[in-house]
Amino acid sequence: MAEGPASKRGNGARPDGAGAVEFCGLALRHPVINGSGTFDAIAARRAFGESLWREFPFSAFVSKTITPDPRAGNPPPRLWETPSGLINSIGLPNKGLEGFLANDLPQLSELPVPLIVSVMGTSHEEFARLVEGVGGREEVAAIELNVSCPNVKSGLIVGESPEEAGSLLTRLRPLTDKTLIVKLTPNVPDPAPIALAAEQGGGDAVSLVNTLRAAAIDPDTGAPWLGAERGGLSGPAIRAVAIEQIRSVAAAVSIPIVGMGGVSSGRDALDLLSAGAKLVAVGTETFRDPAAGTRIAESLIA
Ligand code: RRO
């Protein structure tokens, strides 16, 4: 597997169509997409100009998770580097559903690849509002349900409970014909029962893993470093966890899997595909190399 720098004008597509993949009815030019919240396409277009569109590094784009109402996010500091990893506690800053539809969607609809909108609510009603709001828009190819959040009524993290995940999907499925991708948390002993409940509730795909719960200590004070005290660990440090959890989920469900967790090379991506993923998402690595998606796709197809 050749792993050189991404070709100068490439977007990972091969003229002969090699590497193209079908995912829940979407024709994608290769199997590499971004992890939600790790690549700001609107800011990147401002920085890189129209060449970003020609050389877009992902075969589909997943937006940063939105909530029904605007959120400011967590107090700083929001990041901490670990050996081979990164802890974030960004805290979902976003413009809310209406702000997203009015400001971001018109720009994201110009993307050269299908748009997947990531949403998170704290109740069935909030999720329903989000799914109806974005599900009614033809610019949106699919919806990712980020379930790493508590249901305010039960107090349980939706993605940590098969019952919560199943009942949420049962509530949301009738609201839209769009593909529903359930983003699973790794903060459980085994995500397979949750993935199965999501499938049985009508989910079309699952994506995993979100970040692993983590914390860091300020060396000067001994107190928690992050403003929100805890965050989520990503990067190569969690790749082995992702591989194990993808294998477990792949043995339990028949819907396709988007695998992610510390992918920074074609070799890493191949490991997640071998574990059972149909697509691979790249996140933390794009902070270091914004063209990582193209590099990894080209190396996979070589
Ligand atoms: O915004 C965040 O802090 C965040 C989210 Br919504 C998520 O799903 N995963 C993560 O690591 N950070």
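See above for the structure.
Treat the numbers as computed from the prediction; the structure is a model and nothing was measured. (Residues numbered from 1 in each chain as written. Predicted model: local features only at pLDDT ≥ 70, side-chain atom pairs only at ≥ 80, totals over all residues. Heavy atoms only, no water.)

## Notes on the overall build of the protein
Stage number 1. Each helix and strand in the protein was counted, giving ten helices and 14 strands.
Stage number 2. Against the compact-globule benchmark of 19 Å for 302 residues, the protein has a radius of gyration of 18 Å, which places it among compact chains.
Stage number 3. Among the 302 residues that make up the protein, the fraction classed as buried is 53%.
Stage number 4. Looking at the protein alone, contacts between residues at least 24 apart form 72% of all its contacts between residues at least 6 apart.
Stage number 5. Summed over all atoms, the accessible surface of the protein reaches about 12,700 Å², with 54% contributed by carbon and sulfur.
Stage number 6. Between the centroid of the 26 positive side chains of the protein and the centroid of its 33 negative side chains there is a distance of 4 Å. (Helix = DSSP H or I, 4+ residues; strand = E, 2+ residues; numbered from the N terminus. Rg over C-alpha atoms; globule rule 2.2 N^0.38 Å. Buried < 20%, exposed > 50% of the residue type's maximum accessible area, 1.4 Å probe, protein only. Contact = heavy atoms within 4.5 Å. Areas by Shrake-Rupley, 256 points an atom, 1.4 Å probe, with all protein chains shown as cover. Lys, Arg positive; Asp, Glu negative; His and termini not counted. Charge placed at Lys NZ, Arg CZ, Asp CG, Glu CD.)

## Overview of the packing of aromatic side chains
Stage number 1. Using the criterion set out here, one finds seven aromatic pairs in the structure.
Stage number 2. For the pair Phe56 and Phe58, a centre-to-centre distance of 6.0 Å together with 75° between the ring planes defines the contact as edge-to-face. Considered together, Phe56 and Phe58 belong to a single accessibility category, that of buried residues.
Stage number 3. A ring pair is formed by Trp80 and Trp225, whose centres lie 5.1 Å apart and whose planes are at 55°; its orientation type is tilted. Placement of Trp80 in strand 5 (residues 79–82) and of Trp225 in the loop between strand 11 (212–214) and strand 12 (231–234) is noted, with a sequence separation of 145 residues between them.
Stage number 4. Judged by relative accessible area, which is 25%, Trp80 ranks as partly exposed.
Stage number 5. An aromatic cluster is defined as three or more aromatic residues linked by ring pairs; in this entry it consists of Phe39, Trp53, Phe56, Phe58 and Phe61.
Stage number 6. Here Arg45 stacks its cationic end above the ring of Trp53, 4.1 Å away from the centre of that ring. (Phe/Tyr/Trp six-rings, centres within 6.5 Å; stacked < 30°, edge-to-face > 60°. Lys NZ or Arg CZ within 6 Å of the ring centre and 35° of its normal.)

## Things to note about the pattern of salt bridges
Stage number 1. Inspection of the entire model under this criterion finds 14 salt bridges.
Stage number 2. A salt bridge links Arg45 to Glu110; the nearest nitrogen and oxygen atoms lie 2.8 Å apart. Of the two residues, Arg45 sits in helix 1 (residues 41–48) while Glu110 sits in the loop between helix 3 (96–108) and strand 7 (115–119), which places them 65 residues apart along the sequence.
Stage number 3. For Glu110, a relative accessible area of 45% puts it in the partly exposed group.
Stage number 4. Across the pair Asp104 and Lys95 runs a salt bridge whose closest N-O atoms are separated by 2.5 Å.
Stage number 5. A relative accessible area of 15% places Asp104 in the buried class.
Stage number 6. The structure contains a network of salt bridges with shared partners spanning Glu285, Arg288, Asp289 and Arg295. (Salt bridge = Lys/Arg side-chain N within 4 Å of Asp/Glu carboxyl O.)

## Topic: the pairing of strand 7
Stage number 1. With five of five residues buried, strand 7 is to be regarded as a mostly interior element.
Stage number 2. Because side chains alternate across strand 7, one face comprises the buried residues Leu115, Val117 and Val119, and the other comprises Ile116 and Ser118, equally buried.
Stage number 3. Bridging between strand 4 (residues 61–62) and strand 7 involves two bridges; their strand directions are parallel. Across the sheet, residue Val62 finds its bridge partner in strand 7, namely Ile116.
Stage number 4. Sheet topology places strand 7 next to strand 8 (residues 142–146); four bridges connect them, and they run parallel. Among the inter-strand pairings, Val117 is bridged to a residue of strand 8, identified as Ile143.
Stage number 5. In this fold, strand 7 hands off to helix 4 (residues 124–135), which returns the chain to strand 8; that crossover is right-handed. (Pairing = 2+ DSSP bridges. Right-handed = clockwise from strand over helix to strand, strands pointing away.)

## Concerning the sheet that holds strand 6 (residues 85–88)
Stage number 1. Across the sheet, four strands lie side by side as 5-6-12-11; this open sheet has antiparallel pairing. At either end of the open sheet lies a strand with only one pairing partner, and these are strand 5 and strand 11. Within the sheet, the average angular offset between the axes of one strand and its neighbour, ignoring direction, is 35°.
Stage number 2. Relative to strand 6, strand 5 runs antiparallel, the two sharing four bridges. Pairing of Leu79 across the sheet is with Asn88, part of strand 6. (Axes fitted to C-alpha atoms, helices over the stretch in contact; angles between N-to-C directions.)

## A closer look at the environment of Gly135
Stage number 1. Topologically, Gly135 is positioned in helix 4.
Stage number 2. Its relative accessible area of 16% is what places Gly135 among the buried residues.
Stage number 3. Spatially, the C-alpha atoms of Gly135 and Asp69 are 17 Å apart, while their sequence positions differ by 66 residues.
Stage number 4. Ignoring any residue separated from it by four or fewer positions in sequence, one finds Gly135 in contact with Leu130, Ile143, Thr176 and Lys178.

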